[in-house]
Amino acid sequence: MKVLFVTDAGDESGIGGHVYSVQALVATLAPRIACVVVSLGGAACPALDALACRRHRLAFGAGRLRRAERARFLEIVRAEKPDVIHAFDPIAGAFARAAARRCGCGLVLTKCGGPNPAGRWPYSYYPRVDRLVLFSEENERYFRTRRRFRRTRIWRIPNRIQEGTTDAAKVAALRARLDPARPVVLRIGRISPSYARTAEQCVHLAQRLAADGVPAQLVFLGAVQDPAVARALLADLGGQGIVVSDPELVAQAAVLLDVGDLVVGTGRGLMEAAARGRVLLAPVRNGLLPALVTEANWAPLFAANFSERAELVPWDEERNYAEIRRALADPECRRRQSAFARRLYEEQFALASVVERYLEIYREATPERGALVDRAAHWLWLICRTWRRPLAPPQEVRA
């Protein structure tokens with residue numbers, strides 16, 4: 001069996017949680033099936049470029065619907081002859097639908113978490129495909145209760161990760177910038193308005209710990225997508241933390257998780273921290289501080305894919321803060337939380353446990369039925385959502 005995986009590389013950094021989801025899934029499935037990866041956009045994707053399978057990078061930008069881009073993608077599909085095309089976002093899904101129909105391939109679309117479709121069109125639109133994989137419980141509830149998707153086969157397979165490694169040299173290099181006497185609260189993620197609530201909660205935590213005389217330092221590690229956000233973070237932190245955006249550190253930030261005594265994570269970032277046995281914190285919608293992830297509250301946080309939309313009811317801000325302070329001050333408490341995080345990874349987040357489910361989905365995937373009107377709507381949505389997107393020079397990488 002041969003599966004072609006296609007994803008939108010998005011911004012100029014070529015970094016995003018969905019990209020790492022593709023990387024992890026392909027690396028895990030490669031021993032069982034033939035894999036090909038196509039990334040849309042001119043940005044290099046370090047995570048995908050590290051894969052040993054055949055890879056293509058196809059430029060895609062704004063302004064108009066470029067027939068040359070569609071034709072080039074179709075050319076790749078015809079040359080590779082996959083049995084199934086698996087897309088990981090609606091932008092890649094538009095290309096995948098058109099090519100799968102022309103080439104008679106099975107089609108699978110994954111929604112990698114995120115909020116449910118809402119608001120006015122085009123924000124309320126989501127393609128009505130035959131086979132849809134979802135990461136979060138909140139997304140599953142939405143799609144299963146919408147009449148429009150009543151004929152869609154839906155699987156909820158929460159995001160899974162491979163067990164990560166650490167890079168001792170990079171860890172040492174980053175630690176050299178920090179105060180060795182103070183525990184580290186680490187936040188890995190893009191520095192942009194998209195994660196403003198998580199950043200605010202991290203800053204509030206750092207400020208409150210400092211006001212109470214608790215020795216701790218906050219490290220934001222991630223690509224700076226909005227310099228104004230980075231400047232604001234530094235101003236709010238004062239001497240309580242730093243922002244690190246070195247490209248060589250950001251490209252594979254997961255190998256630096258051991259820098260953090262506590263890690264504030266969202267989505268797969270939290271799962272990667274769990275695999276490393278870090279003490280886990282996650283944003284919570286109804287709090288001023290991130291929540292310490294425990295055996296008592298991980299399930300509702302997981303239901304929202306550990307996102308800023310998660311809500312804990314009841315929520316006790318002071319008790320949560322006291323537990324965070326205890327985790328910082330008490331080595332035995334940190335040891336227990338570390339053991340819990342590792343167990344959570346093994347039981348809930350390990351990718352190896354869902355390989356057979358993906359193979360079953362691929363085996364039964366068939367060419368898409370009908371849906372001519374929705375395919376047209378999908379292309380119109382694509383034009384509207386990417387109108388202002390810059391077009392990078394076309395590039396291609398093969399292995």
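None of the values given here were measured: they were computed from a predicted structure.

Draft legend 1. Examining the overall build of the chain more closely. Scanning the chain from N- to C-terminus turns up 15 helices and 13 strands. In terms of C-alpha radius of gyration, the chain reaches 21 Å, essentially the compact-globule figure of 21 Å for 399 residues. Reported as C-alpha extents along the three principal axes, the dimensions of the chain are approximately 65 × 45 × 40 Å. Look at the contacts in the chain between residues 6 or more apart in sequence, and 71% of them connect residues 24 or more apart. Just so you have it, the chain exposes about 17,300 Å², and 52% of that area is on carbon and sulfur atoms. Of the side-chain charges in the chain, 59 are positive and 42 negative, and the distance between the mean point of each set is 8 Å.

Draft legend 2. Spotlight on the nonpolar core. Core analysis: the largest hydrophobic core is formed by 41 residues, its most contacted members being Leu221, Leu256, Leu280, Val293, Phe306 and Phe349. Residue assignment for this core shows that the elements contributing at least two residues are helix H6 (168-175), strand E8 (184-188), strand E9 (217-221), helix H9 (247-250), helix H10 (268-275), strand E12 (279-282), helix H11 (298-303) and helix H13 (331-349). When residues no more than four places from it in sequence are discounted, the contact partners of Leu280 are Val263, Leu270, Ala273, Ala274, Ala291, Leu292, Val293, Ala341 and Leu344. Counting residues in each nonpolar core, the second largest holds 35 residues, with Val6, Leu74, Cys105 and Tyr142 among its members.

Draft legend 3. Quick look at the pattern of salt bridges. Summed over the entire model, instances satisfying the criterion amount to 28 salt bridges. Across the pair Arg97 and Glu368 runs a salt bridge whose closest N-O atoms are separated by 2.9 Å. Residue Arg97 is located in helix H4 (residues 90-103), and its partner Glu368 is located in the loop between helix H14 (355-364) and helix H15 (372-385); the two are separated by 271 residues in the primary sequence. Judged on exposure class, the residue Arg97 and its partner Glu368 are both buried. Between Arg369 and Asp130 there is a salt bridge; the shortest N-O distance is 3.4 Å. Taken together, the residues span a long stretch of sequence, with Arg369 in the loop between H14 and H15 and Asp130 in the loop between strand E5 (106-111) and strand E6 (131-134) at a distance of 239 residues.

Draft legend 4. Just the confidence of the model for the chain, in detail. Averaged over all residues, the pLDDT of the chain is 91; the fraction at 70 or higher stands at 93%. For residues 391-399, every residue scores under 50 in pLDDT, and the model assigns this stretch 27 contacts once sequence neighbours within four places are set aside.

Draft legend 5. Region of the structure containing the side chain of Thr110. You can see Thr110 is positioned in strand E5. Given a relative accessible area of 0%, Thr110 falls into the buried group. Within the structure, the side chain of Thr110 is placed 2.7 Å from the side chain of His86, a separation counted as a polar contact.

Draft legend 6. Looking closely at the environment of Thr266. Tracing the chain through its elements places Thr266 in the loop between strand E11 (262-264) and H10. Along the chain, Thr266 and Pro283 lie 17 residues apart, while their C-alpha atoms are 7.3 Å from each other. Setting aside residues no more than four positions away along its own chain, Thr266 makes contact with Arg187, Tyr195, Thr198, Pro283, Asn305 and Phe306. A distance of 3.4 Å separates the side chain of Thr266 from the side chain of Arg187, its partner in a polar contact.

Draft legend 7. Molecular detail of the pairing of strand E2 (residues 34-40). Burial within E2 is extensive, with 6 of its 7 residues counted as buried. Relative to E2, strand E1 (residues 2-8) runs parallel, the two being bridged by 7 bridges. Residue pairing across strands places Phe5 opposite Val37, the latter belonging to E2. Here E2 runs beside strand E3 (residues 54-58); their pairing, made up of 5 bridges, is parallel.

Draft legend 8. Broad picture of the sheet that holds E2. Taken together, the 7 strands give an open sheet; going across it, the order is E3-E2-E1-E4-E5-E6-E7, and neighbouring strands pair in parallel fashion. Edge strands, defined here as strands with exactly one partner in the open sheet, are E3 and strand E7 (153-156). Strand after strand, the sheet turns through a mean of 20° between neighbouring axes, direction not considered. Contacting E1, E2 and strand E4 (84-87), helix H1 (residues 17-29) crosses the sheet at an angle of about 165° to E1. Sheet strands in contact with H14 are E1, E4, E5, E6 and E7, and its direction is about 165° off that of E7.

Draft legend 9. Layout of the environment of Ala232. Examined against the element boundaries, Ala232 turns out to sit in helix H8 (residues 227-237). Residue classification places Ala232 among the partly exposed positions, given a relative accessible area of 37%. Residues Ala232 and Asp8, spaced 224 residues apart in sequence, show a C-alpha to C-alpha distance of 29 Å.

Draft legend 10. Layout of the sheet that holds strand E13 (residues 291-292). Across the sheet, which stays open at both edges, the 6 strands sit in the order E10-E9-E8-E11-E12-E13 with mixed pairing between neighbours. The outermost strands of the open sheet, each flanked by one partner alone, are strand E10 (241-244) and E13. Bridge analysis of E8 against E9 gives 5 bridges, and the strand direction is parallel. Directly across from Val184, in E9, lies its bridge partner Gln217. Taken strand by strand, H13 contacts E11, E12 and E13, and its axis lies near 75° from that of E12.

Draft legend 11. View of a positive patch on the surface. Side chains of Arg67, Arg70, Arg78, Arg101 and Arg102 sit close together on the surface and give a patch of like positive charge. For the positive patch, the secondary structure elements donating two or more residues are helix H3 (67-80) and H4. Top contributing element to the positive patch by residue count: H3, with 3 residues. Topologically, Arg78 is positioned in helix H3.

Parameters and conventions
Residues numbered from 1 in each chain as written. Predicted model: local features only at pLDDT ≥ 70, side-chain atom pairs only at ≥ 80, totals over all residues. Heavy atoms only, no water. Helix = DSSP H or I, 4+ residues; strand = E, 2+ residues; numbered from the N terminus. Rg over C-alpha atoms; globule rule 2.2 N^0.38 Å. Contact = heavy atoms within 4.5 Å. Areas by Shrake-Rupley, 256 points an atom, 1.4 Å probe, with all protein chains shown as cover. Lys, Arg positive; Asp, Glu negative; His and termini not counted. Charge placed at Lys NZ, Arg CZ, Asp CG, Glu CD. Core = buried A, V, L, I, M, F, W, Y, C linked by side-chain atoms within 4.5 Å. Buried < 20%, exposed > 50% of the residue type's maximum accessible area, 1.4 Å probe, protein only. Salt bridge = Lys/Arg side-chain N within 4 Å of Asp/Glu carboxyl O. pLDDT = per-residue confidence, 0-100. Polar contact = N/O pair within 3.5 Å; in protein donor to acceptor, adjacent residues only side chain to side chain. Pairing = 2+ DSSP bridges. Axes fitted to C-alpha atoms, helices over the stretch in contact; angles between N-to-C directions. Patch = residues over 30% accessible without salt bridge, like charges linked within 9 Å, V, L, I, M, F, W, Y side chains within 5 Å.

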